[in-house]
Amino acid sequence: MTSRDRDKHDDLVDDLEATSADVADDAEQLTEIEHQKEALAPKEPGAVDALATKAEELARRILLKTQMEKHLADELSDRGGRQ
């Protein structure tokens with residue numbers, strides 16, 4: 001493996017780790033929002049709706065990031081055969 005290949009591999013690993021950490025952070029925030037919604041429902045439907053909107057946005061972000069994780073993992077796997 002050339003130095004350039006090693007650098008690309010290391011960059012992919014770093015990107016995968018950072019993306020994974022972001023997903024975990026977002027999932028933690030999503031869990032917190034769900035707990036907040038449980039505590040409010042049904043006494044404050046407006047607040048629950050606002051929290052639900054935040055939860056939806058986080059869920060979309062998680063989906064995009066997990067798709068990126070898959071792409072990075074696939075690229076690492078493809079490069080693994082060439083090491």
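Structure's up top.
Let me sum up the structure you'll find in this document. From a predicted model like this one, the values you see are computed outputs, not experimental measurements. What you see as residue numbers is a count from 1 along each chain, following the sequence as written. Reporting of local features is limited, given that this is a predicted model, to residues whose pLDDT is at least 70; pairs of side-chain atoms are given and counted only at 80 or more, and all residues count toward the totals for whole chains, interfaces and linings. Heavy atoms throughout the structure, all of them, feed into the side-chain values; hydrogens and water do not.

1. Here's the deal with the overall build of the chain
Then comes step 1: A tally of helices and strands in the chain yields two helices and zero strands.
Then comes step 2: The reference for a compact globule is 2.2 Å times residues^0.38; the radius of gyration itself is calculated from the C-alpha atoms. Its C-alpha atoms give the chain a radius of gyration of 18 Å, more than 25% over the compact-globule value 12 Å for 83 residues.
Then comes step 3: By its C-alpha atoms, the chain is 60 × 15 × 15 Å across when sized along the principal axes.
Then comes step 4: Each of the 83 residues in the chain was classed as buried or not, and the buried ones make up 19%.
Then comes step 5: Taking the intrachain contacts of the chain between residues at least 6 apart in sequence as the baseline, contacts between residues at least 24 apart amount to 75%.
Then comes step 6: Methods summary: accessible areas were calculated by the Shrake-Rupley approach with a probe of 1.4 Å, and residue burial reflects only the protein chains presented. Accessible surface, the chain: about 5900 Å² in total, of which carbon and sulfur atoms supply 51%.
Then comes step 7: In summary, the charge assignment counts Lys and Arg as positive and Asp and Glu as negative, without counting His or the chain termini. We put the charge of a Lys on NZ, of an Arg on CZ, of an Asp on CG and of a Glu on CD. Here the chain carries 12 positive and 22 negative side-chain charges, and the mean point of each set is 4 Å from the other. Only DSSP runs of H or I with at least four residues qualify as helices, and only runs of E with at least two residues qualify as strands; both kinds are numbered from the N terminus onward. Accessible area is worked out with a 1.4 Å probe on protein chains only. A residue is then buried under 20% of its type maximum, exposed over 50%, and partly exposed in between. When checking whether two residues touch, look at their non-hydrogen atoms; a contact exists if any pair is within 4.5 Å.

2. What to know about a negative patch on the surface
Then comes step 1: Candidates for patches are residues over 30% relative accessible area with no salt bridge; among them, like charges are joined within 9 Å and nonpolar side chains (Val, Leu, Ile, Met, Phe, Trp, Tyr) within 5 Å. Any Lys or Arg side-chain nitrogen located within 4 Å of an Asp or Glu carboxyl oxygen qualifies as a salt bridge. Judged by side-chain charge, Asp5, Asp7, Asp10, Asp11, Asp14, Asp15 and Glu17 come together as a negatively charged surface patch.
Then comes step 2: Structurally, Asp7 is set in helix H1 (residues 3-40).
Then comes step 3: For Asp7, a relative accessible area of 43% gives the class partly exposed.

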